[in-house]
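# Notes for the structure review
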Amino acid sequence: MCPLTRQTDEPTNEERAGRIDTVMQAYCLTLENRDFDGDEDDVKDMLTDLMHFCERMEIDFEENLRVARNNYNHERLAEQGDTGQFGCPVCGCFLEVTRTDTLLGIDRELYNCQECDETFIRELNAPHSPLQRAVKCVDCGNMIPQSSARIFYQRDDYAHFIGECCWDERLRD
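Residues numbered from 1 in each chain as written. Predicted model: local features only at pLDDT ≥ 70, side-chain atom pairs only at ≥ 80, totals over all residues. Heavy atoms only, no water.

## What to know about the nonpolar core
- Grouped together as the largest cluster of nonpolar side chains are ten residues: L103, V135, C137, I144, A149, A159, F161, I162, C165 and C166.
- When residues of this core are assigned to their parent elements, the largest contribution, three residues, is made by strand β7 (residues 158–162).
- C88, V97, C113 and F120 belong to the second largest nonpolar core, which has eight residues in total. (Core = buried A, V, L, I, M, F, W, Y, C linked by side-chain atoms within 4.5 Å. Buried < 20%, exposed > 50% of the residue type's maximum accessible area, 1.4 Å probe, protein only. Helix = DSSP H or I, 4+ residues; strand = E, 2+ residues; numbered from the N terminus.)

Pasting the structure below:
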């Protein structure tokens, strides 16, 4: 069981910022053969170029930006001593936000546990919404709360679930 404590091999926020200082220096050298001096326009240019890069590589920039904002907030809180993070209900490890999305009009965060491979969902539309175990909808592949899923097929101890996202369409077929 992992303790809910900061990992010793994790960099500090100051070290994280230092890594980007190196990247910004290299970026400015490739742009105009000059040093980065803290100019916000350089940051904007780099982000714009990163968006073009993500488009070329078919990487979802906006989704990664949402996850990055969440990680940034968690890292800031953790360094202040307030983890603000959820512990895995199964094994106790920190849960990592892997993405945010919207399903059936509900904004939500999806968390993965690196230790036990479980996935959890927290809805963002309601304040203090609980962390719920997630399962994959057998029809569309979306992650859905297990509590709202229906068993589509079950064999021994393994079940395939279908969610509200696809249940109505299955009834029509």
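After that view of the structure, there is still more to cover.
## Overview of unusual backbone geometry
- If you check the backbone angles, L104 has positive phi at about 55° while not being a glycine.
- Following the sequence through the fold, L104 ends up in the loop between β1 (95–103) and β2 (106–113).
- With relative accessibility at 57%, the residue L104 sits in the exposed group.
- Phi at D117 takes a positive value of approximately 65°, unusual for a residue other than glycine.

## Section: the sheet that holds β2
- Spatially, the five strands line up as an open sheet ordered β1-β2-β3-β4-β5, and their pairing is antiparallel. The open sheet is flanked by β1 and β5 (143–145), the only strands paired with a single partner. The sheet shows a mean angle of 40° between the axes of neighbouring strands, direction not considered.
- Looking at chain direction, strand β3 (residues 119–123) and strand β4 (residues 131–136) are connected through three bridges and run antiparallel. (Pairing = 2+ DSSP bridges. Axes fitted to C-alpha atoms, helices over the stretch in contact; angles between N-to-C directions.)

All we've got here are geometric facts, nothing functional implied.
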